[in-house]
Amino acid sequence: MNTFDIEEELNKLPHKPGVYIMHDENEAILYVGKAIDLHNRVRQYFRSGHGHNNSPKILKMVSQIAYFEYIITASEMEALVLECNLIKEHRPKYNTLMTDDKGYPYIKITTSDTFPRIMMSHRMARDKSLYFGPFTDRKAVHDTIALIKNLFHIRNCNKDLGNGPYNERPCLYYQIGKCDAPCAGLISPTDYKKNVDKAIQFLNGNTKDIENELKSKMAEYAENMEFEKAAETRDLLSSIGKISEKQRAGNTNNDDQDIIAFARDNNDTVISIFFIRSGTLLGRENYHMSSDAEDTDTEIITEFIKQYYMGTPFIPKEILTVIPIYEAEVITEYLTSRKGQNVYIHTPQKGEKKGLIKLAEDNAKLVLSQDIERIKKAEKRTIGACQDIADIIGVEKVSRMEAFDISNISGYHSVASMVVFENGKPKRNAYRKFRLQTVEGPDDYASMKEVLSRRYTNENLGTFPDVIMMDGGKGQVHIAETVIDSLGLDIPVCGMVKDDNHRTRGLYYHDEEVAFPKGSEAIHMITALQDETHRFAITYHKQLRSEGQTHSILDDIKGIGPSRRKALLLHFKDIEAIKAASIDELANIEGMNQKAAEAVYNFFNFK
C-alpha cells in the first residue's frame with residue numbers, strides 16, 4: 001500500500017459512525033475499533049496528547065500502521081455489532097481478546113411433537129420446544145438426559161413419527177425395556193405424553209424420589225461389593241445434583257443475573273462470571289483475557305462484555321459488573337434489542353448485589369493465583385496449535401478448519417460428513433451430514449467432488465474455513481483443489497497423512513508432505529480432528545441403521561415408499577433380481593400396481 005497517504009486519507013474521513021480497521025505493510029489486521037465519529041476518532045491515533053493513545057502499546061501499534069480502512073454504519077449500535085464480529089473473525093494483534101469461546105448447553109424437549117424427544121441443544125431457538133438451562137456442566141446434562149430417557153421411557157430415535165401410521169418394527173431399546181415403541185403403535189400419544197410430563201416435573205426440581213431410589217441402589221451395590229456399579233450410581237447422583245440444585249445465592253428476587261468481576265497480574269487477566277437464573281446460582285465460568293499491561297481495567301471488562309454477549313444465546317435481565325464499563329448505553333441498547341426486553345448493566349455499591357460481586361472477584365483472584373498456568377496450557381493446545389498450522393503452511397491465520405470424510409453404506413450410496421474446528425476446538429453445531437445425490441456406488445472421488453461443490457456453493461452452511469482438511473493424501477487433496485479452483489475460491493487444502501500404524505504424522509500440502517515441528521501441539525489437534533471426523537461419520541452410519549433408514553437405490557424411485565420397497569426386497573431378495581424383472585412380474589407383488597411397476601422398470605432400464 002505504498003500509495004496510501006495517511007494524512008490525505010485522514011482528511012477524507014466522514015463525520016459518521018462506523019468501524020475502522022488498521023493494517024500493517026503485509027495487510028495483516030492490527031486493530032479493529034468503532035467510533036461515533038470516524039473523522040475525530042481515527043485522527044486521534046496520529047496526533048500526540050490524546051490520553052491512552054500515548055501508551056506504549058498504542059504507540060507501537062501506530063508505528064506499524066501502513067494503511068487503514070473504514071466501514072460507515074447507520075448507528076453506533078450497528079458499529080458495535082460489526083466491531084465485535086470483525087474482532088471475533090480476525091483476532092487482531094492489538095485488540096484485547098477473549099481467548100475462550102464457550103457455549104452453554106440446554107436440555108430441550110420437543111413438546112410440539114406427537115411423541116416428544118429430549119436432547120441437548122447448544123442454543124435456545126424460538127420454536128415450540130421447552131428448554132431448561134443453560135447449564136455449565138455438559139457431562140451432567142448428558143447423564144441427566146440418559147437417566148430421564150431410561151426412567152420415563154422417552155424415545156432415543158430421531159424418527160419423524162408425525163400422526164402415524166405407527167407400524168414399524170420396534171428397535172433394541174424396546175426389547176431391553178427402555179422404550180415403549182411409539183413407532184410401532186404400542187403406546188398412545190396420550191400415555192406417552194404422561195411420561196413426558198413426569199420428565200418435565202423431574203427437570204423442574206422434583207427429584208427427591210429418584211434420588212432416594214438411587215441412594216438405596218448405591219448402598220445395595222456397595223453391600224454386595226459391586227463397587228463399579230456403586231461408583232456409577234454415585235456419579236449419576238452427582239450429575240442430578242448439578243442439574244437440579246437450588247442454591248439461593250443470597251438474593252430474594254427471581255430475576256436472571258450475570259455477575260462479572262476480574263483479577264489481573266501483568267498481562268494475564270481472569271474474568272469470573274456467575275450465572276443466576278430465577279434466583280438460583282446455576283454455576284460459574286472463568287475466562288482468560290489476553291491483554292496488555294497498558295490496558296485499563298475498564299477497557300478489559302468492556303471488551304469482555306462485548307465479545308461474550310455477542311456469542312452467547314442467553315442474555316439475562318441484569319448484568320452486574322465490578323466496575324462501570326465504557327459505552328454502557330449503546331451496549332445496553334444492543335442487548336435489549338437482542339433479548340426483546342429491557343436489559344440493565346450497572347455496578348452495585350452496597351447490599352446483597354455488592355456481596356455477589358465480591359464473591360465473583362474472590363473467585364477470579366483464586367483462579368489467577370492457582371489455575372492460570374493450566375488455562376495457558378489449554379490455550380496453547382488450541383489457539384497455539386492453530387497458529388502452528390498457519391506457520392507450517394505459510395498463511396496468516398487458521399481459525400476455522402473443515403474436515404470431510406466419505407463412507408459407504410450397504411454398497412448403494414455413499415454418505416459424507418463435515419466436521420468443524422474453530423480456534424482448535426470442535427464446533428459441533430456447525431457439523432453437517434450429506435447424502436450423495438448424483439453418485440451411485442463406492443466412488444470416493446466423485447462423492448467428494450459433489451459434497452465439496454454443495455458445501456462451498458451454500459453460504460448458509462456457515463462462513464468458509466481458513467483451511468480445508470482432507471482425510472487422505474494426494475488424490476483427495478487434488479479433487480478438493482479442483483473444486484475450490486472451479487468455484488473461484490482461495491482456500492488452502494491439506495491432506496491429513498497417517499503412518500503405517502495409522503497415526504497422524506504430517507500434512508500433505510502443495511504436493512509435498514510437511515512434518516509437524518518437534519514439540520508442536522498441532523499434531524495432537526490434527527489427530528483429534530481426524531479422529532472426530534471418523535467418529536462423526538460412524539455415528540451417522542449407526543443412526544441410519546438404527547432407524548432402519550439405510551439408503552437403498554429403491555428409495556430414489558418415485559412412488560416407491562418403505563412398504564413397497566420392503567415387499568420388493570422380500571420377494572426378489574436382491575436388487576439385481578428386481579432389475580431383471582418384467583413389468584408384469586413387478587405388478588403382481590402385493591402392494592404394487594401397474595403405475596408403480598412401470599416406475600421401477602423404467603428406472604432401471606431407461607436411465
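Enquirer: How should I be thinking about the overall build of the protein chain in this particular structure?
Expert: The number of helices and strands found in the protein chain is 20 helices and 20 strands. Taking all 607 residues of the protein chain together, the buried fraction comes to 48%. Considering only intrachain contacts with a sequence separation of at least 6, the fraction spanning at least 24 residues in the protein chain is 62%. Carbon together with sulfur atoms contributes 48% to the accessible area of the protein chain, which is approximately 30700 Å² in total.

Enquirer: Where do I start with the sheet that holds strand β3 (residues 67-72) in this structure?
Expert: Hydrogen bonds between backbone groups are what pair the strands of a sheet, and the pairing can be parallel or antiparallel. Pairing in this open sheet of 3 strands is antiparallel, and the strands run β2-β1-β3 from one edge to the other. In the strand order of this sheet, the two ends are held by β2 (29-35) and β3, each with one partner. Between one strand axis and the next, the sheet turns by 20 degrees as a mean value, whatever way the strands run. As paired elements, strand β1 (residues 18-23) and β2 share 6 bridges and run antiparallel to each other. Bridge pairing in β2 links valine 19 to lysine 34.

Enquirer: How should I be thinking about the sheet that holds strand β6 (residues 118-121) in this particular structure?
Expert: The 3 strands are arranged β6-β5-β7 in an open sheet whose pairing can be described as antiparallel. Where the open sheet ends on each side, the last strands, each with one partner, are β6 and β7 (130-132). Strand-to-strand twist of the sheet, defined as the mean angle between neighbouring strand axes without regard to direction, takes the value 30 degrees. By the bridge criterion, 3 bridges tie strand β5 (residues 106-109) to β7 in an arrangement that is antiparallel.

Enquirer: I keep staring at the packing of aromatic side chains and nothing clicks. Help me out?
Expert: Aromatic ring pairs are reported here in terms of the distance separating the ring centres and the angle at which the planes meet. According to the stated counting rule, one finds 14 aromatic pairs in the structure shown. Look at tyrosine 31 and tyrosine 45: their rings are 6.2 Å apart centre to centre, the planes differ by 55 degrees, and that puts the pair in the tilted class. Here tyrosine 31, found in strand β2, pairs with tyrosine 45, found in the loop between α2 (38-44) and α3 (56-63); they are 14 residues apart in sequence, far enough to count as distant. As far as the burial class goes, tyrosine 31 and tyrosine 45 line up, both buried. An angle of 40 degrees between the planes, with centres 6.3 Å apart, marks the rings of phenylalanine 46 and phenylalanine 68 as tilted. Pair noted here: phenylalanine 46 is in the loop between α2 and α3 and phenylalanine 68 is in strand β3, with a separation of 22 residues, a long-range link.

Enquirer: In this structure, what is going on with the packing of helix α5 (residues 138-152) against helix α7 (residues 189-203)? I would like to understand it.
Expert: Two packed helices can be described by the angle between their axes and the distance between those axes. Between α5 and α7, the shortest axis-to-axis distance is 10 Å and the interhelical angle comes to 145 degrees. The chirality of how α5 crosses α7 is right-handed. Between α5 and α7, the contacting residues are Thr144, Leu147, Ile148 and Phe152 on the first element and Asn195, Lys198, Ala199, Phe202 and Leu203 on the second. Considering only residue class, the contact of α5 with α7 consists of 6 nonpolar, 2 polar and 1 charged.

Enquirer: Hey, could you run me through the nonpolar core in this one?
Expert: Across soluble globular proteins, nonpolar side chains show a tendency to be buried alongside one another. Judged by nonpolar contacts, the single largest core of 36 residues is most densely connected at Ile260, Phe304 and Leu335. Elements supplying a minimum of two residues to this core: α4 (76-90), β8 (257-265), β9 (268-277), β10 (280-290), α10 (297-311), β11 (318-321), α11 (328-339) and α12 (351-370). By residue number, the principal contributor to this core is α10, which donates 7 residues. Residues within four places of phenylalanine 304 in sequence aside, it is in contact with Met98, Ile260, Ile271, Tyr287 and Met289.

Enquirer: In this structure, what is going on with a nonpolar patch on the surface? I would like to understand it.
Expert: A surface patch of nonpolar side chains, amounting to about 310 Å² of accessible area, comprises Leu172, Tyr173 and Ile176. Mapped onto the elements, tyrosine 173 comes out in helix α6 (residues 172-175).

Enquirer: How do you make sense of the pattern of salt bridges when you look at a structure like this?
Expert: Oppositely charged side chains are able to pair whenever their charged atoms sit close together. As enumerated under the stated definition, the model contains 24 salt bridges in all. Of the charged contacts, one joins glutamate 76 and lysine 34 as a salt bridge, the two residues approaching to 2.9 Å between their closest N and O atoms. Of this pair, glutamate 76 sits in helix α4 while lysine 34 sits in strand β2, and the two are 42 residues apart along the sequence. We classify glutamate 76 as partly exposed; its relative accessible area is 23%. Using a relative accessible area of 8% as the deciding quantity, one classes lysine 34 as buried. With its nearest N and O atoms 3.0 Å apart, the salt bridge here joins glutamate 422 to arginine 400. Remark: arginine 400 occurs in strand β13 (residues 400-409) and glutamate 422 occurs in strand β14 (residues 413-422); sequence separation between them is 22 residues. Comparing glutamate 422 with arginine 400, the two get one shared label, buried.

Enquirer: In this structure, what is going on with the side chain of histidine 23? I would like to understand it.
Expert: Assignment of secondary structure puts histidine 23 in strand β1. Judged by its relative accessible area of 5%, histidine 23 is buried. A distance of 2.6 Å separates the side chain of histidine 23 from the side chain of glutamate 69, its partner in a polar contact. Setting aside residues no more than four positions away along its own chain, histidine 23 makes contact with Ala28, Ile29, Leu30, Gln64, Ile65, Ala66, Tyr67 and Glu69.

Enquirer: Before we go on, may I ask you to explain α7 in this structure?
Expert: Since the α-helix turns once every 3.6 residues, residues separated by three or four places project in the same direction. For α7, spanning 15 residues, the distance from its first C-alpha to its last is 21 Å, which sits close to the expected 21 Å at 1.5 Å a residue. Those residues of α7 not exposed but buried are Tyr192, Asn195, Val196, Ala199, Ile200, Phe202 and Leu203. Taken down its axis, α7 places every buried residue within 155 degrees of arc, on the same side.

Enquirer: Even after reading the chapter, I still don't get the packing of helix α14 (residues 444-455) against helix α15 (residues 474-486), so can you show me in this structure?
Expert: Where α14 meets α15, the closest approach of the two axes is 9 Å, and the angle between their N-to-C directions is 35 degrees. With respect to the hand of their crossing, α14 and α15 are arranged in right-handed fashion. Along its contact with α14, which presents Asp444, Tyr445, Met448, Lys449, Leu452 and Ser453, the element α15 presents Gly475, Gln476, Ile479, Ala480 and Val483.

Enquirer: Explain the pairing of β9 here, please?
Expert: Two faces belong to every sheet, and in a regular strand the side chains alternate between them. Burial runs high along β9: 10 of the 10 residues are buried. Alignment of β8 against β9, held across 9 bridges, turns out to be antiparallel. By the bridge assignment, isoleucine 260 is partnered in β9 with isoleucine 273.

Enquirer: Explain unusual backbone geometry to me, please; I cannot follow it from the model alone.
Expert: One can expect most non-glycine residues to show negative phi and most peptide bonds to be in trans. Here histidine 510, not a glycine, exhibits a phi torsion of approximately 55 degrees, which is positive. Mapped onto the elements of the fold, histidine 510 is located in the loop between β19 (504-509) and β20 (512-515). A relative accessible area of 55% places histidine 510 in the exposed class.

Enquirer: Please clarify how the state of the cysteines should be interpreted in this entry.
Expert: Linking two cysteines covalently via their sulfur atoms produces the bond known as a disulfide. For the structure shown, the criterion picks out 0 disulfides. The closest cysteine sulfur to the non-disulfide-bonded cysteine 171 is located on cysteine 179, 5.7 Å from its own sulfur.

Enquirer: I'm lost on α3 in this one. Help?
Expert: Residues of α3 that are buried include every one of Lys57, Ile58, Met61 and Val62, and no others. Around the axis of α3, the buried residues are gathered within 130 degrees of arc, so they sit on the same side. Facing away from the buried side of α3, by more than 90 degrees, are the exposed residues Pro56 and Ser63. Of the surrounding secondary structure, the elements contacted by the buried residues of α3 are β1 and β2.

How each quantity is defined
Residues numbered from 1 in each chain as written. Predicted model: local features only at pLDDT ≥ 70, side-chain atom pairs only at ≥ 80, totals over all residues. Heavy atoms only, no water. Helix = DSSP H or I, 4+ residues; strand = E, 2+ residues; numbered from the N terminus. Buried < 20%, exposed > 50% of the residue type's maximum accessible area, 1.4 Å probe, protein only. Contact = heavy atoms within 4.5 Å. Areas by Shrake-Rupley, 256 points an atom, 1.4 Å probe, with all protein chains shown as cover. Pairing = 2+ DSSP bridges. Axes fitted to C-alpha atoms, helices over the stretch in contact; angles between N-to-C directions. Phe/Tyr/Trp six-rings, centres within 6.5 Å; stacked < 30°, edge-to-face > 60°. Left-handed = near helix turned anticlockwise from the far one by under 90°. Nonpolar A, V, L, I, M, F, W, Y, C, P; charged D, E, K, R; others polar. Core = buried A, V, L, I, M, F, W, Y, C linked by side-chain atoms within 4.5 Å. Patch = residues over 30% accessible without salt bridge, like charges linked within 9 Å, V, L, I, M, F, W, Y side chains within 5 Å. Salt bridge = Lys/Arg side-chain N within 4 Å of Asp/Glu carboxyl O. Polar contact = N/O pair within 3.5 Å; in protein donor to acceptor, adjacent residues only side chain to side chain. Expected span 1.5 Å × (residues − 1). Arc of directions from axis to C-beta. Disulfide = S-S within 2.5 Å.

Taken by themselves, the reported measurements are silent on function.
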